[in-house]
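A structural walkthrough
Residues per chain are reported as follows:
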Amino acid sequence: SVPDGHQNGSHCRIGTPSIATSAGAPVRATSRFAEATAAIDAAKRVAPELPIVATMSFDTNLRTMMGVTPAAAAVALAEAGADVVGVDFRVALDEASARIGPAYAVQGNLDPALLFAPWPVVEENVRRIVAQGRRAPGHIFNLGHGISQFTPPESVTALVETVHAHSRVLRK
């Protein structure tokens, strides 16, 4: 992730939540739901052709600055106007999809700490996540909130290859 209000390619982090956009001006960090909704609306006005991917970060008590739990965050982001809803790794994608409804794609949601686990554990979780993601109209596989600098590079390579392999199998 990038510092609040800074752009990196097509991703602009907007505090809690962050919103992906290739739009110009940075948007300040927000901790209020009304401000998050306004930020999503502004991004849609600036770049209406781009989908809005919104996620929330959680503290150690599993709360956002807006006071919602990971499960409730998906609903809040959908209600705020996101096109793609980021799902915390502590919430099953199929549960999140059921909560937000069939109109939203999901992004998520492998726990990055699993990349230190034995490979069969990682692969089992990848299969589960890819299968659950199929229940939404779209799915972007990713790690939940970053990756440790100590993650073995070969684990990352194997993860990408495994996600691609399992995704291809399910698309047939």
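The structure contained in this document is the topic of the report that follows. Residue numbers here run from 1 along each chain, matching the order of that chain's written sequence. Reporting in this predicted model follows two pLDDT cut-offs: at least 70 for local features of residues, and 80 or more for side-chain atom pairs to be given and counted; totals over whole chains, interfaces and linings ignore these cut-offs and use all residues. Side-chain descriptors were evaluated using all non-hydrogen atoms of the structure, hydrogens and water having been removed beforehand.

1. Digging into the packing of aromatic side chains
- Geometry of aromatic contacts follows a simple scheme: Phe, Tyr and Trp rings, the Trp one being its six-membered ring, pair when their centres are within 6.5 Å, and the pair is stacked under 30 degrees between planes, edge-to-face over 60, tilted otherwise. Within the structure shown, the criterion is met by zero aromatic pairs.
- The ring of Phe-89 carries Arg-90 above its face, with NZ or CZ at 4.6 Å from the centroid. In this analysis the charged atom, NZ for Lys or CZ for Arg, is taken to sit over a ring once it is within 6 Å of the ring centre and within 35 degrees of the ring normal.

2. Concerning the environment of Val-75
- Within the fold, Val-75 resides in helix 2 (residues 70–80).
- Only protein chains enter the calculation, and the probe is 1.4 Å; a residue is then buried if its accessible area is under 20% of its type maximum, exposed if over 50%, and partly exposed in between. When its relative accessible area of 22% is taken as the criterion, Val-75 is described as partly exposed.
- In this structure the C-alpha to C-alpha distance between Val-75 and Val-85, which are 10 residues apart in sequence, comes to 8.4 Å.
- The contact criterion used is simple: two residues touch if any of their non-hydrogen atoms lie within 4.5 Å. Once you skip the residues sitting within four places of it in the chain, Val-75 turns out to touch Arg-99 and Ile-100. Helix numbers and strand numbers start at the N terminus; a helix is a DSSP run of H or I with at least 4 residues, a strand a run of E with at least 2.

3. Here's the deal with helix 5 (residues 153–171)
- For helix 5, spanning 19 residues, the distance from its first C-alpha to its last is 27 Å, which sits close to the expected 27 Å at 1.5 Å a residue.
- Ser-155, Leu-159, Thr-162, Val-163, His-166 and Ser-167 are the residues of helix 5 that are buried. The buried residues of helix 5 occupy one face: seen down the axis, they fall within an arc of 125 degrees. Residues of helix 5 that are exposed and point more than 90 degrees away from the buried face comprise Pro-153, Glu-154, Glu-161 and Arg-171.
- As for helix 5, its buried residues are in contact with helix 4 (119–133). A helix's residues, less one, multiplied by 1.5 Å, set its expected span. Directions are taken from the helix axis to each C-beta atom, and the arc is the one they span.

4. Description of the nonpolar core
- Counting 32 residues, the largest nonpolar core has Val-85, Leu-110, Val-126, Phe-141 and Leu-159 as its most contacted members.
- Going through the elements one at a time, helix 1 (33–46), helix 2, helix 3 (93–100), helix 4 and helix 5 are the ones with two or more residues in this core.
- Sorting elements by how many residues they give to this core places helix 2 first, with seven residues.
- What Phe-141 contacts, discounting residues up to four positions off in sequence, is Gly-108, Leu-110, Val-126, Ile-129, Val-130, Leu-159 and Val-163. By nonpolar core we mean a set of buried residues, namely Ala, Val, Leu, Ile, Met, Phe, Trp, Tyr and Cys, connected to one another through side-chain atoms within 4.5 Å.

5. Let's talk about the layout of surface pockets
- The method works on a 1 Å grid over the protein atoms by themselves. A cavity is a set of points holding a 1.4 Å probe that cannot get out, a pocket is an open set with protein on both sides within 12 Å along at least five of seven lines, and residues with an atom within 4 Å of a point line them. Grid points are joined across faces, edges and corners, and a volume is the space filled by probe spheres set on the points. Taken as a whole, the second largest pocket spans an internal volume of roughly 190 Å³.
- Surrounding the second largest pocket, Val-130, Gly-133, Arg-134, His-139, Ile-140, Phe-141, Val-163, Ser-167, Leu-170 and Arg-171 form its lining.
- Contributing elements (two or more residues each) for the lining of the second largest pocket: helix 4, strand 7 (139–140) and helix 5.
- Here the element with the most residues in the lining of the second largest pocket is helix 5; it accounts for four residues.
- Three residue categories are used. Nonpolar comprises Ala, Val, Leu, Ile, Met, Phe, Trp, Tyr, Cys and Pro, charged comprises Asp, Glu, Lys and Arg, and polar comprises the others, including Gly. Split into classes, the residues belonging to the lining of the second largest pocket amount to five nonpolar, three polar and two charged.

6. Notes on the pattern of salt bridges
- Note on definitions: salt bridges are taken to be side-chain nitrogens of Lys or Arg within 4 Å of carboxyl oxygens of Asp or Glu. Applying the stated criterion across every chain yields a total of five salt bridges.
- Its salt-bridge partner being Arg-99, residue Glu-95 comes within 3.4 Å of it at the nearest N-O pair. Placement of both Glu-95 and Arg-99 in helix 3 is noted, with a separation of four residues, approximately one turn of the helix.
- When its relative accessible area of 35% is taken as the criterion, Glu-95 is described as partly exposed.
- Take Arg-99: its relative accessible area is 45%, and that puts it in the partly exposed class.
- We note a salt bridge from Arg-127 to Glu-123, for which the minimum N-O separation is 3.7 Å. Of this pair, Arg-127 and Glu-123 both sit in helix 4, four residues apart, roughly one helical turn.
- Judged by relative accessible area, Glu-123 falls into the partly exposed class, the value being 26%.

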